[in-house]
Amino acid sequence: PGSSFHAGAKGVKLFDLKSVMRPLFEVYDRNGDGTICPQEFAECHNILQAALRTHPVGQDPSGAHSEDPEHLETSAKRLYCSIDTDGDEAITFEEFIKWQQTCLDDSG
């Protein structure tokens, strides 16, 4: 956990997911306290959603209208709860890494 292999033209390389993801975690952790609270997460989530609307990659499979502020808030809350596995309303760096690793695993 925390390390991944990357196969490319120059062979296989090992990279440390934690060191790669630390700067992204720090973007989410706006107050620098070492955890991501629901408000910090929602703010970053909404910024990323706005960027995706500007440069769409695909359609939302749920059919929900991603420009709807209620949908964005519900989406952020649902995602936050799935990442905050201990339910303490503070995403730790370890929870963040587990989430990112799952995203990588699910992307193929």
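These figures come from a predicted structure and were not determined experimentally. Residue positions within a chain follow its written sequence, with the count starting from 1. Restriction of local features to residues with pLDDT of at least 70 applies here, the model being predicted, together with a cutoff of 80 or more for giving and counting side-chain atom pairs; totals for whole chains, interfaces and linings are based on all residues. Computation of side-chain values covers all heavy atoms of the structure but excludes hydrogens and water.

### Digging into the confidence of the model for the protein
pLDDT runs from 0 to 100 and stands for how confident the predictor is about each residue. For the protein, the average pLDDT comes to 80, and 69% of its residues sit at 70 or higher. Taking the mean pLDDT of every element in the protein, the minimum, 53, falls on strand β1 (residues 3–8) and the maximum, 94, on helix α1 (residues 17–28). Secondary structure is summarised from DSSP: a helix means a run of H or I of at least four residues, a strand means a run of E of at least two, and numbering begins at the N terminus for each.

### Thoughts on unusual backbone geometry
The backbone of E89 sits at a positive phi, close to 60°, despite the residue not being glycine. Of note, E89 is situated in the loop between α3 (69–83) and α4 (93–106).

### So, the packing of aromatic side chains
Pairing of aromatic rings covers Phe, Tyr and Trp, the last counted by its six-membered ring, and requires centre-to-centre distances within 6.5 Å; plane angles under 30 degrees mean stacked, over 60 mean edge-to-face, and any other angle means tilted. For the structure on display, the rule yields eight aromatic pairs. Judged by centre distance (6.4 Å) and plane angle (85°), the rings of Y28 and W99 are edge-to-face. On the criterion of sequence distance, the pair formed by Y28 in helix α1 and W99 in helix α4 is long-range, its members being 71 residues apart. Members of the aromatic cluster, joined through ring pairs, are F25, Y28, F41, Y80, F93, F96 and W99. Look at NZ for Lys and CZ for Arg. If either is within 6 Å of the ring centre and within 35 degrees of the ring normal, a charge sits over the ring. Over the ring of F93 we find R22; its NZ or CZ atom is 3.6 Å from the centre of that ring.

### Section: the nonpolar core
Within soluble globular proteins, side chains that are nonpolar tend to cluster in buried spots. Of all hydrophobic cores here, the largest spans 14 residues; its most connected members are Y28, I36, F41, I91, F96 and W99. Two residues qualify as a contact provided that any one of their heavy atoms is within 4.5 Å of a heavy atom in the partner residue. Excluding residues that lie within four positions of it along the chain, W99 makes contacts with Y28, F41, L79 and I83. Throughout, nonpolar core names a set of buried Ala, Val, Leu, Ile, Met, Phe, Trp, Tyr and Cys residues whose side chains join them through atoms within 4.5 Å. Each residue is placed in one exposure class: buried if its accessible area under a 1.4 Å probe, protein chains only, is under 20% of its type's maximum, exposed if it is over 50%, and partly exposed if it falls in between.

### A short note on the side chain of D84
Mapped onto the secondary structure, D84 falls in the loop between α3 and α4. In this count, Lys and Arg are taken as positive residues and Asp and Glu as negative ones, while His and the chain termini are left out. Any Lys or Arg side-chain nitrogen found within 4 Å of a carboxyl oxygen on Asp or Glu counts as a salt bridge. Put simply, D84 is tucked away with no salt bridge, and the nearest opposite charge, on K98, sits 11 Å away.

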